[in-house]
Amino acid sequence: MYRLFVAIRPPADQRAHLLSLMAGVEGARWQDDAQLHLTLRFIGEVDRHTANDIADALAGIRFAPFDIHLDGVGSFDRKAVVDTLWAGVQPRHPLATLHKKVDRTCVSVGLEPESRAYLPHITLARFGRAGGFIDPFLARHAGLSGAPFRVDSFHLYESRIGHGGATYHPIEEYRASSPDRTSEPG
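**Focus on the packing of aromatic side chains**
Inspection of every chain in the model, using the stated rule, returns 7 aromatic pairs. Consider the rings of Phe-63 and Phe-66, whose centres lie 6.4 Å apart with planes at 65°: the pair is edge-to-face. A relative accessible area of 11% places Phe-66 in the buried class. Between Phe-76 and Trp-86 the ring centres are 5.5 Å apart and the planes differ by 40°, which places this aromatic pair in the tilted class. Remark: Trp-86 occurs in strand E5 (residues 81–90) and Phe-76 occurs in strand E4 (residues 66–78); sequence separation between them is 10 residues.

**Looking at helix H3 (residues 93–108)**
For H3, spanning 16 residues, the distance from its first C-alpha to its last is 23 Å, which sits close to the expected 22 Å at 1.5 Å a residue. Listed as buried for H3 are Pro-94, Leu-95, Leu-98, His-99, Lys-101, Val-102, Asp-103, Thr-105 and Cys-106. Each element contacted by the buried residues of H3 is listed here: strand E1 (2–8), strand E3 (38–46), helix H2 (48–58), E4, E5 and strand E8 (153–162). Phi turns positive one or two residues past the end of H3, at Gly-110, with a value near 105°.

**Structural notes on the environment of Gly-72**
With respect to the element layout, Gly-72 can be found in strand E4. For the pair Gly-72 and Pro-120, spaced 48 residues apart in the sequence, the C-alpha separation amounts to 12 Å. If we skip the residues at most four places from it in the chain, Gly-72 touches Trp-86, Ala-87, Gly-88, His-141, Ala-142 and Leu-144.

**Description of unusual backbone geometry**
Residue Pro-91 is reached from Gln-90 by a cis peptide bond, and omega for that bond is -10°. Despite not being glycine, Ala-80 has its phi angle at roughly 65°, a positive value. Looking at where Ala-80 falls in the secondary structure, it is placed in the loop between E4 and E5. The exposed category is assigned to Ala-80, whose relative accessible area is 74%.

**A closer look at the nonpolar core**
Judged by nonpolar contacts, the single largest core of 45 residues is most densely connected at Leu-18, Ile-43, Leu-58, Phe-154 and Leu-156. Residues contacting Leu-58, with those up to four places away along its chain left out, are Val-6, Val-102, Thr-105, Phe-154, Leu-156 and Tyr-174. Counting residues in each nonpolar core, the second largest holds 5 residues, with Phe-5, Ala-7, Tyr-157 and Ala-166 among its members.

**Thoughts on the pattern of salt bridges**
For side chains bearing opposite charge, pairing can occur when the charged atoms are close. Inspection of the entire model under this criterion finds 10 salt bridges. Among the salt bridges present, the one from Arg-9 reaches Asp-33, with a minimum N-O distance of 3.4 Å. Of the two residues, Arg-9 sits in the loop between E1 and helix H1 (12–21) while Asp-33 sits in the loop between strand E2 (29–30) and E3, which places them 24 residues apart along the sequence. With a relative accessible area of 27%, Arg-9 lands in the partly exposed category. Across the pair Arg-150 and Asp-67 runs a salt bridge, and its minimum N-O distance is 2.8 Å. Here Asp-67 lies in strand E4 and Arg-150 lies in strand E7 (residues 149–151), a separation of 83 residues in the sequence. Exposure remark for Asp-67: the relative accessible area of 38% places this residue in the partly exposed category. Residues joined in a network through salt bridges with shared partners are Arg-41, Asp-103, Glu-114 and Arg-116.

**A closer look at the pairing of E8**
With 7 of 10 residues buried, E8 lies mostly within the body of the structure. Pairing analysis gives 4 bridges linking E1 to E8, with the strands arranged antiparallel. Paired with Leu-4 across the two strands is Glu-158, which belongs to E8. Pairing between E8 and strand E9 (residues 165–175): 10 bridges, direction antiparallel. Across the sheet, the residue bridging to Arg-160 is Thr-167, located in E9. Where E8 folds back onto E9 in an antiparallel hairpin, the turn is made up of 2 residues.

Cut-off values and rules
Residues numbered from 1 in each chain as written. Predicted model: local features only at pLDDT ≥ 70, side-chain atom pairs only at ≥ 80, totals over all residues. Heavy atoms only, no water. Phe/Tyr/Trp six-rings, centres within 6.5 Å; stacked < 30°, edge-to-face > 60°. Buried < 20%, exposed > 50% of the residue type's maximum accessible area, 1.4 Å probe, protein only. Helix = DSSP H or I, 4+ residues; strand = E, 2+ residues; numbered from the N terminus. Expected span 1.5 Å × (residues − 1). Contact = heavy atoms within 4.5 Å. Core = buried A, V, L, I, M, F, W, Y, C linked by side-chain atoms within 4.5 Å. Salt bridge = Lys/Arg side-chain N within 4 Å of Asp/Glu carboxyl O. Pairing = 2+ DSSP bridges.

Written as C-alpha cells, this is what we have:
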C-alpha cells in the first residue's frame, strides 16, 4: 500500500523563513525542511494500481502559474486540544481552484471526494494528545508575511511512516500549463 498526498513545495527561501520561526512552543514536534509543503489533497492509502491511475490522471490537470505569499499563522484542534500549528497563505482563490481540480481528478479514478473544507496552509508543528500552549507563538507571528512566490508545479508524494515520524518522497511533478494553454479543460 502507498500513502499518498498531492502538494506544492514552497521555494527554499520561504522554507528557510518558516524554519527560522520554529521555536518556543513546548511539546511542539516541528517539521523539518523536507516536510514543509502546502497540501492540495490528502489521498491516503491506496494499492499500486490505484496509485498509478492517480499519477497518470493528475498529468491531465491544466492550470496557469500563479503567485502566493505567506500570511499569518493559525492552528487546528481536535476535541478542543491543539494538534497542529500552521502558516497561512494568500490569496486562497487560485489554491482552492487547483485543489478542486485535484479533487475532481482523484474522484475520477474512484476515490471519495474531499469531505473537509479546504484551508490552504503549511504545517509548522504537530502536538501529542496533551496539545500545546501556542498563544505566545500566535501573537508573536500573527503578522507573518513573505515575498510572493510562484506556484508553477505541484507534486504527488508518498508518505512513509517510520520510527522518526513521516518522511515524504516525491513521486511525480506536474508543471503548470503554458500561458497560451490555460483555457484547456482540466
